[in-house]
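In case you want the letters, here they are:
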Amino acid sequence: MAGSRRVLFGTVFLYVLGFQFEILGLAVLVYARTSSPLLSAVTFGVGFGPQVFGGALLTSLADRFSPHLVIAWGLVVRAAPGIAIGLAPGLPVAAMLVLVGVAATVAPVFTAASGGLLPQLLEGDRYVLGRSMLSMIGSGTQIVGLGLGGAVLAVVAAPDLLLVAGGSLLVAGVVAGSGLRHVGRLPASAEQLGVLRSSLRGNGELLADGRVRGLLLAQWVPAWFVTGAESLIVSYVGSRGEAATGAGVLLASLPVGMLVGALVLGRFCRPRTRERLALPLAIALGLPLLVFALGPNLPVAGALLVTSGLCCGYGTGIQRIFVDSLPEGRRGQAFGLASTGMMGGQGLSPPLAGALAVAVGVGGAMAACGALVVLSALALRHPLSPEPSAE
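Residues numbered from 1 in each chain as written. Predicted model: local features only at pLDDT ≥ 70, side-chain atom pairs only at ≥ 80, totals over all residues. Heavy atoms only, no water.

(A) Representation of helix α14 (residues 278-286). Burial in α14 covers these residues: A278, L279, L281, A282, L285 and G286. Looking straight down α14, one finds that the buried residues subtend no more than 165° of arc, so they occupy a single side. (Buried < 20%, exposed > 50% of the residue type's maximum accessible area, 1.4 Å probe, protein only. Helix = DSSP H or I, 4+ residues; strand = E, 2+ residues; numbered from the N terminus. Arc of directions from axis to C-beta.)

See the structure below:
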């Protein structure tokens, strides 16, 4: 089990690293060609939005096949756009976005398998701490990825960074395929329908459960609006007369806060404390973004994003009750649905934020996203206030 956990965490590290390289390389490439904040924001979100289709139609595969196969093949497919665009950087912008969008449809299947696998490897509060560890790995890798990506862009062109992104995802697929092959299948529903029918029916049953639905929305909605603000960072830097390639430091600020916040919540807070902090942290998540309406300079903007990132671990406080609310035969699909909703909203919010930025300015649009974070957290205060667990 310990070996499988290490492989799973290593796979997540390589996946996030490749994904960050791809986002940064593609956003810089598109912004350099178009100088459009809207297209830059669309580029940021195109790897997320199409996941809605894969999540709605394909996530039942996570409960039907061995995790190592589902995870490995999902990563191999996800590697294709970075390699293709890196080798053919002259492709039209629309073709690049289509490539990334099509490959993104398989990501929920990978996430469903890996998310459903973790409760098999860790039980009880160890699972919650494992989720915190995955959050720390994800945040830390974003910091490393953006830092390395910025360093690579200082000496080579964006297409080369995209090639590295594709290579990282391929390596992740190989690691998962070989290192998780001994892990058994997730518990599956006794109902044997086709993949599409089973996926649609299972998602419908999960969303029909008011408890599950509330917990899903609590995880999704505040994060959607934070992503909308995050998607405007490259444009914000450009609007202040700085080179777009210098946005790496500012893009890394939010993950820095996420890493520190996850460490504090996972290492120093008891289960009951984490659960009581869920609602206050969700509200505080949006407050620093309101200051962007004043157009802060880059050091202040970085500090604001770090502060917001500190609160991103609010979802840790509702992980226990979320797992407990899931039917056994739909566990893998439930994690796929959770990822699908998260990524789908994170795909839709950047173009909406970009359109708003055209109308009111980049700083005003980022502040509006912060206000929506606060309002959504207040609207979801009941699922964000779970019954405290025993220590």
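(B) Representation of the packing of helix α10 (residues 210-230) against helix α18 (residues 362-379). Packing of α10 against α18 brings their axes to within 8 Å, and their N-to-C directions diverge by 175°. With respect to α18, the element α10 is oriented roughly antiparallel. When α10 is examined against α18, the residues V221, P222, F225, V226, G228 and A229 are found in contact with a partner set consisting of M366, C369, L372, V373 and S376. Grouping the amino acids of the contact of α10 with α18 by side-chain chemistry returns nine nonpolar, two polar and no charged. (Axes fitted to C-alpha atoms, helices over the stretch in contact; angles between N-to-C directions. Parallel < 35°, antiparallel > 145°, perpendicular 65-115°, else oblique. Contact = heavy atoms within 4.5 Å. Nonpolar A, V, L, I, M, F, W, Y, C, P; charged D, E, K, R; others polar.)

(C) Inspection of the pattern of salt bridges at higher detail. Taken as a whole and judged by the stated rule, the model has three salt bridges. Notably, a salt bridge pairs E275 with R320, separated by 2.7 Å at the nearest N-O pair. Remark: R320 occurs in helix α16 (residues 319-324) and E275 occurs in helix α13 (residues 271-276); sequence separation between them is 45 residues. The residue R320 makes a salt bridge to D324 at a minimum N-O spacing of 3.8 Å. Taken together, the residues R320 and D324, both in helix α16 and four residues apart, mark about one turn of the helix. (Salt bridge = Lys/Arg side-chain N within 4 Å of Asp/Glu carboxyl O.)

(D) View of the packing of helix α4 (residues 67-87) against helix α5 (residues 93-104). Put simply, α4 and α5 touch, their axes get as near as 7 Å, and they point 165° apart. Judged by the inter-axis angle, α4 sits roughly antiparallel to α5. When the axes of α4 and α5 are compared, the crossing they make is left-handed. Taking contact as the criterion, the partners of V77, R78, P81, A84 and I85 in α4 are, on α5, M96, L99, V100, A103 and A104. Along the lines of polarity and charge, the residues of the contact of α4 with α5 split into nine nonpolar, no polar and one charged. (Left-handed = near helix turned anticlockwise from the far one by under 90°.)

Shape descriptors only; they carry no functional weight alone.
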